[in-house]
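# Observations on the model geometry
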Amino acid sequence: MIRTERLTKLYDRKPAVLDLDLSIQPGEVFGFLGPNGAGKSTTVNILAGLIPAYSGRAIVAGYDVADHPLEVKRRLGFVPETPRLYDSLTADGFLDVMGALYHLDPGTSKARRNDLIELFGLGDVRNQRLREFSKGMRQKVVIASALIHRPEVLILDEPFDGLDANTALVMKGLLREMAAQGKTILFSSHVLEVVERICTRICIIDGGRKVAEGSAEQIRMNFRAATLDEAFSRLTGGREASQVTADILAALARS
Amino acid sequence: MRALVESFGVDYIQWRALVRAYVWIDYAALFGAFGRVEARRRAVQLALAWGFLSLLGLGLAGTVWSARDPFLAALLVITTMMMWAGMMVLTQQAGLAAPDDHELIGFRPVASRTFFAVRLTALMVPALETIALAGWLPVVAFLTRADGSFRVALAAGVAFTASAIFVTLAVVALFGWLLRVVPPARLTRALSYAGGAAGITLVAGMMFGMQHFTETDDPGAWLTTIVPRDWRTMWFPPAWFAAYIPIASGTGRATDFTVASLSLVVLVAVSAVLRGRVSTDYVARVATFASLSMPRAPVGRTWRRITDERRAVALLVWSHLRRDVRFQMAIATNVAMGVIFTVTSSSFKTSGADPFDAGEAAAVAPLFALLFVPTQIYHTLVGSSGHGASWLFFSTPTDRTRLVVGARDAVGVFILLPVSLLLAGFYMYRFSHPVHAFLHATFLGLMAYASLQLNVLLTPRLPFSVPMTGLHRSSGIPIYSTILLMLIGAPFFVLFQLFAYRSALHAAIGLVALVLVITTLNRYTRRRVDRRTSSLVYIP
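As a starting point, this report considers the structure included with it.

How each quantity is defined
Residues numbered from 1 in each chain as written. Chains lettered and ligands numbered in written order. Predicted model: local features only at pLDDT ≥ 70, side-chain atom pairs only at ≥ 80, totals over all residues. Heavy atoms only, no water. Pairing = 2+ DSSP bridges. Helix = DSSP H or I, 4+ residues; strand = E, 2+ residues; numbered from the N terminus. Axes fitted to C-alpha atoms, helices over the stretch in contact; angles between N-to-C directions. Parallel < 35°, antiparallel > 145°, perpendicular 65-115°, else oblique. Left-handed = near helix turned anticlockwise from the far one by under 90°. Nonpolar A, V, L, I, M, F, W, Y, C, P; charged D, E, K, R; others polar. Contact = heavy atoms within 4.5 Å. Patch = residues over 30% accessible without salt bridge, like charges linked within 9 Å, V, L, I, M, F, W, Y side chains within 5 Å. Areas by Shrake-Rupley, 256 points an atom, 1.4 Å probe, with all protein chains shown as cover. Salt bridge = Lys/Arg side-chain N within 4 Å of Asp/Glu carboxyl O. Lys, Arg positive; Asp, Glu negative; His and termini not counted. Charge placed at Lys NZ, Arg CZ, Asp CG, Glu CD. Buried < 20%, exposed > 50% of the residue type's maximum accessible area, 1.4 Å probe, protein only. Buried area = accessible area lost by both parts, 1.4 Å probe. Polar contact = N/O pair within 3.5 Å; in protein donor to acceptor, adjacent residues only side chain to side chain. Phe/Tyr/Trp six-rings, centres within 6.5 Å; stacked < 30°, edge-to-face > 60°.

Attention now goes to the pairing of strand β4 (residues 55-60) of chain A. All names here are of chain A. Bridge count for strand β1 (residues 2-11) against β4 is five bridges, and the pairing is antiparallel. What sits directly across from T4, in β4, is A58. In the sheet, β4 pairs with strand β5 (residues 63-64) via two bridges, with the strands oriented antiparallel. Each residue of the ladder has a partner; that of I59, found in β5, is D64. A loop of two residues connects β4 with β5, the two strands running antiparallel in sequence, and A61 in this loop sits at a positive phi of about 55 degrees.

Here we take up the packing of helix α23 (residues 434-458) of chain B against helix α25 (residues 504-533) of chain B. All names here are of chain B. Packing of α23 against α25 leaves a shortest axis separation of 9 Å and a crossing angle of 20 degrees. In terms of their interaxial angle, α23 and α25 are classed as roughly parallel. Where α23 crosses over α25, the two elements pack in a sense that is left-handed. Taken together, the residues of the contact of α23 with α25 break down into 19 nonpolar, five polar and two charged.

Whenever strands of a sheet pair, they do so through backbone hydrogen bonds, lying parallel or antiparallel. All names here are of chain A. The mixed open sheet is built from six strands, whose spatial order is β6-β7-β8-β3-β9-β10. Bordering the open sheet on either side are β6 (76-79) and β10 (209-214), each of which pairs with just one other strand. Strand-to-strand, the axes of this sheet are offset by a mean angle of 15 degrees, without reference to chain direction.

Attention now moves to the environment of A:L18. Residues and elements named next belong to chain A. Mapping L18 onto the fold places it in strand β2 (residues 14-24). As for L18 and F120, which are separated by 102 residues in sequence, their C-alpha atoms are 38 Å apart. In contact with L18, other than residues within four places in its own chain, are L7, T8, G208 and R209.

Turning our eyes to something else, we now look at a positive patch on the surface. Residue and element names in this part refer to chain B. Together, R523, R527, R531 and R532 line one region of the surface with positive charge. With respect to the secondary-structure elements, R527 resides in helix α25. The class for R527 is exposed, based on a relative accessible area of 52%.

It is worth spelling out the interface of chain B and chain A at this point. Each partner contributes to the interface: chain B provides 31 residues, whereas chain A provides 32 residues. In total, about 3,000 Å² of surface goes out of reach between chain B and chain A, with carbon and sulfur atoms giving 63% of it. It is B:F107, B:R108 and B:P109 in chain B that bury the most area against chain A; as a group they hold 24% of the surface buried on that side. For the pair chain B and chain A, the number of links is zero salt bridges. Seen at the junction of chain B and chain A, the total is six residue pairs in polar contact (both at pLDDT 80 or more). Elements with a contribution of two residues or more to the side of chain B that touches chain A: α2 (12-28), α6 (102-105) and α15 (282-290) of chain B. Examining the composition of the side of chain B that touches chain A, we find that nine residues originate from one element, α2(B), more than from any other.

For the rest of this paragraph, the subject is the sheet that holds β4(A). All names here are of chain A. As summarised here, the arrangement of the four strands in space is β2-β1-β4-β5, forming an open sheet in which the pairing is antiparallel. Strand pairing shows two members of the sheet lacking a second neighbour, β2 and β5, which therefore form its edges. On the sheet, helix α1 (residues 40-47) packs against β1, β2 and β4 and is oriented at approximately 120 degrees with respect to β1.

Okay, the pattern of salt bridges next. Side-chain pairing between opposite charges can occur once the charged atoms of the two side chains come close. All names here are of chain A. Enumeration according to the criterion identifies 25 salt bridges over all chains in this entry. The closest approach of N and O atoms between K135 and D161, which form a salt bridge, is 3.6 Å. Placement of K135 in helix α5 (residues 135-147) and of D161 in the loop between β7 (153-157) and α6 (165-180) is noted, with a sequence separation of 26 residues between them.

Another aspect to go through is a nonpolar patch on the surface. Residue and element names in this part refer to chain B. Together, L55, L58, W65, W136 and V140 give the surface a local cluster of nonpolar side chains, amounting to about 490 Å² of exposed area. Within the residue set of the nonpolar patch, elements represented by two or more residues are α3 (36-66) and α7 (112-144). Ranked by the residues each element gives to the nonpolar patch, the list is headed by α3, at three residues. Tracing the backbone shows V140 in helix α7.

Phi is mostly negative for residues that are not glycine, and the peptide bonds are mostly trans. Residues and elements named next belong to chain A. A positive phi angle is found at A61, which is not glycine, with a value near 55 degrees. A61 gets classed as buried once you look at its relative accessible area, which sits at 13%. Phi is positive for R150, close to 55 degrees, though the residue is something other than glycine. Within the secondary structure, R150 is located in the loop between α5 and β7.

It is worth spelling out the packing of α2(B) against α7(B) at this point. Residues and elements named next belong to chain B. Here α2 crosses α7 at 40 degrees, and the two axes come no closer than 10 Å. The angle between α2 and α7 places the two elements in the oblique class. Relative to α7, the crossing made by α2 is right-handed. Facing Q14, W15, L18, V19, Y22 and Y27 of α2, the residues of α7 in contact are T114, A117, V118, R119, T121 and E129. Broken down by class, the residue content of the contact of α2 with α7 amounts to seven nonpolar, three polar and two charged.

Each pair of aromatic rings is reported with the distance of its centres and the angle of its planes. This model, assessed by the stated rule, comprises 12 aromatic pairs over all chains. Measuring from centroid to centroid gives 4.7 Å for A:F78 and B:F107, while their planes differ by 80 degrees, and the two rings are edge-to-face. Note that A:F78 is positioned in strand β6 and B:F107 in the loop between α6 and α7, a pairing that runs across two chains. Across this residue pair, the class does not change: A:F78 and B:F107 are buried. Seen in terms of ring centroids, B:F166 and B:F241 are 5.9 Å apart; in terms of plane orientation they differ by 40 degrees. Their pairing is tilted. Remark: B:F241 occurs in helix α11 (residues 237-242) and B:F166 occurs in helix α8 (residues 150-181); sequence separation between them is 75 residues. You can call B:F166 buried: its relative accessible area is 11%. On the basis of relative accessible area, B:F241 is assigned to the buried category, the value being 0%.

Interpretation in functional terms is not warranted from these geometric data alone.
Shown next, in the form of structure tokens:
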């Protein structure tokens with residue numbers, strides 16, 4: 001499970017996340033939505049133990065992230081928004097290093113990375129350097145490294161970024177199945193239709209605050225919107241898309 | 001090894017996996033990870049670096065062979081080694097406060113102490129590598145001296161290694177302590193200042209030592225006066241390790257045993273410091289530092305008269321000089337070292353003396369600074385942790401030659417020109433001959449610029465476009481460039497200096513000639529850069 005209690009993070013005294021309460025149960029795929037700069041990545045980075053919170057609590061897999069970071073990290077699989085890799089390593093070498101960090105014994109590590117590499121369609125390039133990989137291939141390696149230790153909790157920040165349609169389809173199914181097996185999944189994304197399709201519950205944040213929570217259906221009904229896009233736009237103060245487009249074109253014509 | 005690592009509370013499996021990965025990353029290019037051409041280039045660079053360090057070691061070995069007292073010889077060698085190791089660690093200390101891999105490792109179950117140990121190892125490997133390459137010849141010298149033996153040579157090897165380990169641990173303890181006690185908002189500045197101050201102290205100390213050493217008829221006697229072989233030796237850290245030599249040769253006195261035991265005490269003490277909160281709080285501090293917000297940047301310069309790529313580069317360099325503390329301090333440290341080298345000259349007699357009166361000795365001295373400092377500044381300008389942003393240079397219709405040449409000129413205007421003015425002020429005060437002061441400062445400024453030109457000519461690179469990865473970050477390329485510059489540039493500089501300081505008239509002729517050389521070099525640089533930049537590729 002994942003829980004936050006009045007989670008707050010300030011940047012230069014400005015709140016990036018403010019008094020955020022979340023509760024995600026095992027078996028859930030929880031969608032985490034928000035416009036750019038809403039505080040999504042800050043929240044997931046706090047949950048992953050990458051940055052400290054200013055105040056409040058973050059609990060992952062039953063452990064407080066601030067008090068027991070290693071217990072959390074042992075149980076967590078994390079896909080960051082802009083993942084970094086050791087570009088000089090091969091895909092196999094990178095996963096080998098990651099396996100060692102989770103104390104997988106060499107035999108298990110090898111078997112798991114063989115499986116993951118094949119399942120993600122990287123078999124032919126497993127011994128190529130990561131710097132030669134395309135964005136999508138790199139993302140597959142990152143996802144594989146988040147799964148290699150069989151985590152209880154998955155936190156995914158824009159995991160479909162760069163993935164081809166087939167892999168994205170596989171990933172959607174995989175997330176549903178993993179949730180069905182009792183894993184807790186937090187899925188942060190800008191892509192509303194994907195979130196709507198795979199998430200059992202959704203939280204929308206704006207300016208670091210939670211502005212809506214519930215199933216896609218509940219959010220639509222509560223805000224009397226025809227689609228989740230429309231509800232999202234109203235909740236996050238977005239202007240009418242057609243109007244913004246017209247304004248941009250007018251500005252381009254002026255200069 | 002496992003027991004040793006685990007005795008420090010470090011997870012051996014994780015430590016080994018990460019260190020192996022980093023070592024591999026460091027040597028990946030050499031083993032063809034980036035293609036055959038790059039592998040060959042790296043091999044040449046590495047061979048030159050090895051040759052360069054071995055050459056330095058040969059000089060130290062000469063001291064060992066010729067010195068009467070092996071303790072004093074060891075003292076000199078270890079002092080030099082500790083300075084090199086210290087400089088090596090200082091140039092890479094940024095990796096401690098802002099490790100590149102925190103984003104990758106930070107969310108994995110790696111304990112703070114293990115992460116710290118990995119960073120420490122990453123700093124220690126290049127320091128030990130440098131010591132091994134520069135130290136093997138002095139070890140051979142201790143073996144082949146008239147009073148040498150295998151035991152003494154072994155003791156020398158152990159002493160060199162232990163001294164390098166001590167320096168690394170001490171520097172890391174200092175920076176680890178700063179990381180703990182300085183508020184995160186001031187940390188970058190504090191670390192940079194500490195790094196700069198430590199670097200300048202090391203170079204100033206080395207200059208001071210060299211001056212005294214070369215001034216004295218009997219260096220051994222001089223060493224004895226500043227490092228007498230009694231209890232006062234305890235205040236001089238290299239002596240703690242040099243004392244291994246007389247002990248191994250069977251001539252050790254009670255003082256030597258006491259002093260040698262101090263080395264073990266300090267190693268244990270520094271290790272204990274590192275084993276404490278410096279390492280246990282490390283990841284938390286790095287995380288706080290990583291999530292720090294940057295203050296808002298003031299509005300930049302307008303420079304309406306400068307247009308095109310030169311404007312882009314000037315703005316880029318200027319903004320780094322204004323706001324990037326690491327860049328600022330790297331430049332400031334190099335400039336400060338250059339100024340120290342330039343004004344102290346090679347000996348006390350000619351230090352800061354008017355070269356028109358004092359002769360060539362005062363003029364030739366700044367040569368090293370002229371070759372080394374612009375090289376370092378150029379590589380600071382080219383290498384960047386934000387090199388990924390250089391995709392802009394490759395995806396826009398820019399003239400890359402203008403970018404490269406513009407970066408060089410920005411360094412000339414923003415750095416070399418103010419430094420030359422500073423030197424002119426110093427020489428005005430020192431020479432009491434304004435024309436000599438002006439000519440000397442102009443000479444130095446123009447030659448520094450010519451050295452920068454040579455750097456650009458030899459290795460044209462786009463500004464802020466080369467990654468600073470791996471353990472070696474800054475060691476390889478400057479050594480490679482320095483050797484090339486010594487081969488190509490040194491005769492040119494020496495000739496100019498020998499000619500120009502005969503009289504004010506010679507200097508005036510020399511200045512005109514130098515300007516002509518710079519103009520010619522400029523033309524040739526543009527042509528060569530034109531040819532070379534087409535082969536530059538974006539490094540993601």
